[in-house]
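Commentary on secondary and tertiary structure
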Amino acid sequence: MHVFITGGTGLIGSALIAELVRNGHTVLALARSDSSAAALQAAGAEPWRGELADLPALRAGAATSDGVIHLAFGHDFSSLAAVARMVAEESAALAALGDELIGSNRPLITVSGTPPVPGRSSTEADPLPVDGPVGGRSRSVTSALELASRGVRTAAVRLPRTVHNEGKGGFAGLLTETARHNGFAGYPGDGTQRWPAVHALDAAALFRLVLEMAPAGTAWHAVADQGDAVRDIAAVIGRRLGLEVRSVPENLFGPLGSIFATDQPSSSAHTQVALGWQPRHPSLLADLENLQP
Ligand SMILES: NC(=O)c1ccc[n+]([C@@H]2O[C@H](COP(=O)([O-])OP(=O)(O)OC[C@H]3O[C@@H](n4cnc5c(N)ncnc54)[C@H](OP(=O)(O)O)[C@@H]3O)[C@@H](O)[C@H]2O)c1
C-alpha cells in the first residue's frame, strides 16, 4: 500500500515508517520543516510538505494514498489553554482526513488512548472517556470511527500511557524530564496507581496489522505491560539518574496531574488473539535501564 502518515518523525512514527517499509509498503509522510523532510527521506519515506493546520495539504496527501495513519500531535502540556489548542488543531485535521476518504473504502487509522476503568484492566470494548483535558481527542476519534458507515475503513489504535524506546517517551518520559528538572524523582500520591506501556517497535507492528486487516469501525489495544505501579517506574528513574524518589502532589505535573494520579491498567488480550499481535520488545521497567544521568 502507498500510505500517507502524519507524525512520521516522532517516537512512534519513526518506528512505524521502518515497519511499513520493511513489509513492502511505501510511505508519503507529512513534513512541516526542512529538517523533518530530511529525516523522513533518510528513513525511506517521501516527504509531503504541510502541517496539521494546513487542511488542503492533508486532504491532498490522503487523496493520493491507499490509506492514512494519523499520529501527529503537538505535545504542549504547559497549560490547559495550550492543550485545548492542540486538541482543536488535531480534531480539525482528523476530520479533514476522514472527509477526504469518504466513499473510498480506504483505511484511516488514528491514535487514541487506553481508557481507565475503576478496579480492573480496561478492554477494547470499554468506551473512551470524553471529559478531562484531552477528552476532545476521544470525541474526534469517535467521530472518525463513525465514518465506517460512510465508506471509510476507520480504526483506532489505543495507546497506553507510555510508548517507549531506549527509555524515552510517554508519561514515563515526562516523569524523567520532571525529575531532571526538579532534582528528585517524584510520583503523584502513594504511587500504587498503575500505568500500562508498550515498546514503540511493538506499537508500530500493531499499526501495520491494523492497516492491513482491521475491519471498519474497530478499536485495538497496543498494550504490552498491563500496568506498572508508578512508584516502581519512579524508582528506576531515580536510581538511573542518581536522584531521591518521593511522593509529590499531583499538581506538580500541571494539566496532566489528575491523569497521572489515576489507576488505569489495560489489557490487549482481544487484540493479541484477533490480529495475531505479540509484543516482543523490552518492558518499560527494563527499557528505563537505558536512561543515563
Ligand atoms: N509516546 C507515547 O507514550 C504516547 C502515548 C499515548 C499516545 N501517544 C500519541 O501517539 C502519537 C505519536 O506520539 P509520539 O510519542 O510518537 O509523538 P512525538 O515523538 O512527540 O512526535 C510528534 C510528531 O507529530 C508531529 N507534529 C506535531 N505537531 C505538528 C503539526 N502542527 N504539524 C505537523 N506535524 C506535527 C511532529 O513533527 P516534527 O518532527 O516536525 O516536530 C512529530 O512527527 C501522538 O498522537 C501521541 O499523543 C503517544
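Residues numbered from 1 in each chain as written. Predicted model: local features only at pLDDT ≥ 70, side-chain atom pairs only at ≥ 80, totals over all residues. Heavy atoms only, no water.

**Re the site of the ligand**
The environment of the ligand is made up of 25 residues, and the closest members are Thr9, Arg32, Ser36, Arg137 and Val163. Measuring from an oxygen atom of the ligand, one finds a backbone N or O atom of Leu11 at 2.9 Å. Burial of the ligand by the surrounding chains reaches 82%, relative to a free accessible area of 900 Å². Sorting the residues of the shell around the ligand by element identifies helix H1 (11-22) and strand S7 (162-164) as the ones contributing at least two each. (Near = heavy atom within 4 Å. Polar contact = N/O pair within 3.5 Å; in protein donor to acceptor, adjacent residues only side chain to side chain. Areas by Shrake-Rupley, 256 points an atom, 1.4 Å probe, with all protein chains shown as cover. Helix = DSSP H or I, 4+ residues; strand = E, 2+ residues; numbered from the N terminus.)

**Regarding the pairing of strand S9 (residues 194-199)**
Among the six residues of S9, five are classified as buried, and the element is accordingly described as predominantly covered. Relative to S9, S7 runs parallel, the two being bridged by three bridges. By the bridge assignment for S9, His164 is matched with His199. As paired elements, S9 and strand S11 (residues 225-229) share three bridges and run antiparallel to each other. Following the sheet pairing, Arg194 is matched in S11 by Ala229. (Buried < 20%, exposed > 50% of the residue type's maximum accessible area, 1.4 Å probe, protein only. Pairing = 2+ DSSP bridges.)

**Some details on the sheet that holds strand S2 (residues 26-31)**
Remark on secondary structure: sheet strands pair via backbone hydrogen bonds, oriented parallel or antiparallel. A sheet is described by the order of its strands in space; here seven strands give the open sequence S3-S2-S1-S4-S5-S6-S10, paired in parallel fashion. This sheet does not close on itself; its edge strands, each paired only once, are strand S3 (46-49) and strand S10 (218-221). When the angles between neighbouring strand axes are averaged without regard to direction, this sheet yields 25 degrees. Here strand S5 (residues 107-113) pairs with strand S6 (residues 153-159) via seven bridges, running parallel. Bridged to Leu108 within S6 is Thr154. In the packing of helix H4 (residues 80-101) onto the sheet, the strands contacted are strand S1 (2-6), strand S4 (67-70) and S5, and the crossing angle to S5 comes to about 155 degrees. On the sheet, helix H7 (residues 200-213) packs against S1, S4, S5, S6 and S10 and is oriented at approximately 165 degrees with respect to S6. (Axes fitted to C-alpha atoms, helices over the stretch in contact; angles between N-to-C directions. Contact = heavy atoms within 4.5 Å.)

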